[in-house]
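Residue-level listing of the chains:
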Amino acid sequence: MFTRIHKLKATSGCISLYISGYTTVLHKMTNNMLSSQGQNLVTGNVSVIEGETATISCRVKNNDDSVIQLLNPNRQTIYFRDVRPLKDSRFQLVNFSDNELRVSLSNVTLSDEGRYVCQLYTDPPQEAYADITVLVPPGNPIIESREDVVSEGNETEITCIAMGSKPASTIMWMKGDQILQGEETVEETYDRMFTVTSRLRLTVSKEDDGVAVICIIDHPAVKDFQAQKYLEVQYKPEVKIVVEFPEGPTREGENLELTCKAKGKPQPHQINWFKVDDDVPSHAVITGSDLFIENLNKSYNGTYRCVASNLVGEAYDDYILYVYDVLATTPSPTTTTINPDAAQDSRADGGPQKIDHAVIGGVVAVVVFAMLCLLIILGRYFARHKGTYFTHEAKGAEDAADADTAIINAEGGHNNSDDKKEYYI
């Protein structure tokens, strides 16, 4: 009986010991889980230009002395705490503490690209990932044009190439302050590099001569990377006739000197003078771009044309000559503004002005009208106040009984000739 009771007590003790041990293990596991949940492992992605240095930082918040290590994309340990098991001297320890493991990688190459692992030895272990992206800038851009010289009104093509970049570059065009869009193609090479080609087509004008066309490369590894080419545009001449003499109106007996100003690219190789619908006066002197006519007369009136030409084309300007009569006195010089796009006209320089005759005619008309009005007023006045003439030479004959008595009485009235009066109203 005693033996059975002793065995029962021993069995109960073993059970109690087992339960106590399980409780302790469970308590430790719970504490570890709570501790790991209170810790926070963080890192960040890194972009680095090929040949430069990348820095990876593994950071822990609320660390309880857990071990931090850094692994490469092949899961090889780079640093375990502050010890570097990996024999790659490009990896260097920048900082180590309970809360951070910071490592630098110098002279980065494309083979270093990938996902790096920050690992915290907790239960269970924590991991955070840092992706290293290696940027490869493009080589110097190459800009070329289909032709070196282009004539106005024609289309040209300019090509810009950005070679050997990662990722692929973007190409933008500018001409002066204007942004242009080219046609872009991207080619990937065997070593994960990219070559980008952009073609720009544009129609040029003479205003584009000497203007820079700029190829701008947009890439995260470089800034303000560009190449430019200056346009060379040929255009036909621009022609302008300048009156060298006289300064005022052209009059009979005077001389006329005209100069033809012509500018083009290439410079005009030929300048000719003509008279439209007629021949240039026989004694006119043409010297290169100058036309000289002496002793003007009205038979020279007409349109004189200067024509300039080069390899691109030809252009002309006209001058209209109108010869005025000789003035008795020298007129004062006048200044006029001539439209450069219109043919010049010597009649615009001075001479008899039609507005002067109009003013004189108007004054005469006013004077004549005033005189007519005055005559009409006087005529009406005299018509309304017509005069009456009275005499008293036959005074006394009015009361006579017959004609004889009237004559006698009238004759008797001559004696009073001193008393004769006349009235005019």
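Details of the structure are given in the entry above.
Quantities reported herein were computed from a predicted structural model and do not represent experimental measurements.

Draft legend 1. Quick peek at the environment of E100. Structurally, E100 can be placed in strand β7 (residues 100-105). E100 sits in the buried class, given a relative accessible area of 11%. C-alpha separation for the pair E100 and S57, spaced 43 residues apart in sequence, amounts to 6.9 Å. Residue contacts for E100: discarding those within four places in its chain leaves S57, C58, R59, I68 and N95. A distance of 2.7 Å separates polar atoms of two side chains, one belonging to E100 and the other to S57. A distance of 3.1 Å separates a polar atom in the side chain of E100 from a polar atom in the side chain of R102.

Draft legend 2. A look at the side chain of N63. Checked against the element boundaries, N63 lands in the loop between β3 (54-61) and β4 (68-71). Taking relative accessible area as the criterion, N63 reaches 17% and is therefore assigned buried. At 3.4 Å, the side chain of N63 forms a polar contact with the backbone nitrogen of D65. Side-chain polar atoms of N63 contact the backbone nitrogen of S66, separated by 3.0 Å.

Draft legend 3. The arrangement of the state of the cysteines in detail. A full pass over the atoms with the stated rule returns three disulfides. A disulfide bridge connects C160 with C215, and the sulfur atoms are separated by 1.8 Å. Residues C160 and C215 are joined by a disulfide whose S-S torsion is about -65 degrees; by sign, that bridge is left-handed. Here the residue C160 occupies a position in strand β12 (residues 155-165), and C215 occupies one in strand β17 (residues 212-219), the gap between them amounting to 55 residues. Judged by its relative accessible area of 0%, C215 is buried. Here the disulfide map of the chain reads 1-2, 3-4, 5-6, the bonded cysteines being numbered as they appear in the sequence.

What counts, and where the lines are drawn
- Residues numbered from 1 in each chain as written.
- Predicted model: local features only at pLDDT ≥ 70, side-chain atom pairs only at ≥ 80, totals over all residues.
- Heavy atoms only, no water.
- Helix = DSSP H or I, 4+ residues; strand = E, 2+ residues; numbered from the N terminus.
- Buried < 20%, exposed > 50% of the residue type's maximum accessible area, 1.4 Å probe, protein only.
- Contact = heavy atoms within 4.5 Å.
- Polar contact = N/O pair within 3.5 Å; in protein donor to acceptor, adjacent residues only side chain to side chain.
- Disulfide = S-S within 2.5 Å.

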